[in-house]
Amino acid sequence: IHSWLTALQTERFDQKNRTITRRLQRCNQHWEDAFFITLARNFGFGLNGDAFETWANLLSFRAIDKHRDDLTQVEAFFFGQAGLLEGESADDYFSWMQKEFRYLQHKFELPPVMNPSLWRFLRLRPGNFPHVRLAQLASLYYRERSLFSRVMEAGTLKDLKQIFAGHTSAYWEEHFMFGKSSPRREKSIGAGAKELIIINTVIPFLYAYGLHKADERLCERAASLLEELKAENNYVTRMWSGAGIPVRTAADSQALLQLQKEYCDKKKCLYCRFGYEYLRHK
């Protein structure tokens, strides 16, 4: 079991590395841009993953960098390109953001905005609404000027979690959407969300960058971080745990996700060591 899970974990690393390589090609080998696009996708936490990636690919990073010292302008870029500043005014902040984005749109000749109907809200808790996640990303982009470099240099898991520990701007502490106020509360990224971001964004990039630089230490660090993080809790890990497979760390859960998606779901039982043994003794 341990041998097969280790092989599956390596498979998953290699699969994610191929995805990162394709993203890098689209970003002209700009690691910071490719990292942010991957991070944005994972901020969708499944339901809005495609929408976040579509949005991130519309961002003009060099244009945003010229206004990166002003959080409200970063928000104007982010919400504007997300198509969430279209329509009639929701409140004074919305009107100001809308006006600011129109100016930036004209100044930088930005691409057409995203179709806002791509954002999904059904079955989402308010804290996971796209508006809140975009506000968190804007704050992170404003605060961490070299996000990819910071992540690569972080020495410990605690350091990595600290990078993603910021808060939103003041407006979003009292809103989940434009024009709809809510009780005041800091909307920081939760502990579970941070761990998922590290598992799905930071660790794959550590591995990919290690391969790119031929630096085994980075690849080994990626693997050791997976061993350090607790296992993800989802229907796949619960199912395998119920079947008697030990699921203790993120390394175990990532291996089992690879097994489920690439073997079980595709009915490739003869290529699976579990499936082969089971069929051999039938």
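To keep things clear, this report deals only with the structure shown in the data block.

Considerations on the pattern of salt bridges
Line of reasoning, step 1. Overall, the coordinates contain 15 salt bridges when judged by the stated rule.
Line of reasoning, step 2. Salt-bridge contacts for Arg 41 lead to Glu 53; the nearest nitrogen and oxygen are separated by 2.7 Å. One end of the pair, Arg 41, is in helix 2 (residues 31-43); the other, Glu 53, is in helix 3 (residues 49-56), with 12 residues separating them in the sequence.
Line of reasoning, step 3. Here Arg 41 falls in the partly exposed class, since its relative accessible area comes to 29%.

So, the environment of Leu 24
Line of reasoning, step 1. Along the polypeptide, Leu 24 turns up in helix 1 (residues 2-26).
Line of reasoning, step 2. Separated by 13 residues in sequence, Leu 24 and Ile 37 have C-alpha atoms that sit 9.9 Å apart.
Line of reasoning, step 3. The contacts of Leu 24, once residues within four sequence positions are left out, are Gln 29, His 30, Trp 31 and Ala 34.

Points about the side chain of Gln 9
Line of reasoning, step 1. Within the secondary structure, Gln 9 sits in helix 1.
Line of reasoning, step 2. Sequence-distant contacts of Gln 9, that is, excluding residues within four places in its chain, are made with Ala 223, Leu 226, Glu 227, Ala 251 and Ala 255.

What about the nonpolar core?
Note that soluble globular proteins tend to have their nonpolar side chains buried in a common cluster.
Line of reasoning, step 1. By size, the foremost hydrophobic cluster in this structure holds 76 residues, and its most contacted members are Trp 55 and Phe 78.
Line of reasoning, step 2. Of the residues forming this core, the biggest block, 11 residues, is contributed by helix 10 (residues 191-213).
Line of reasoning, step 3. In contact with Trp 55, other than residues within four places in its own chain, are Phe 36, Ala 40, Phe 78, Gln 81, Ala 82, Met 114, Trp 119, Leu 134 and Leu 137.

Conventions adopted
Each chain carries its own residue numbering, running from 1 in the direction its sequence is written. Reporting of local features is limited, given that this is a predicted model, to residues whose pLDDT is at least 70; pairs of side-chain atoms are given and counted only at 80 or more, and all residues count toward the totals for whole chains, interfaces and linings. With hydrogens and water excluded, all non-hydrogen atoms of the structure serve as input to the side-chain values. Criterion for a salt bridge: a side-chain nitrogen of Lys or Arg within 4 Å of a carboxyl oxygen of Asp or Glu. Runs of H or I in DSSP of at least four residues are treated as helices and runs of E of at least two as strands, each being numbered from the N terminus. Each residue gets one of three labels from its accessible area relative to the maximum for its type: buried under 20%, exposed over 50%, partly exposed in between, using a 1.4 Å probe on protein chains only. Throughout, a residue-residue contact means that at least one pair of heavy atoms, one from each residue, lies within 4.5 Å. Only buried Ala, Val, Leu, Ile, Met, Phe, Trp, Tyr and Cys residues count toward a nonpolar core, and they belong to the same one when joined by side-chain atoms within 4.5 Å.

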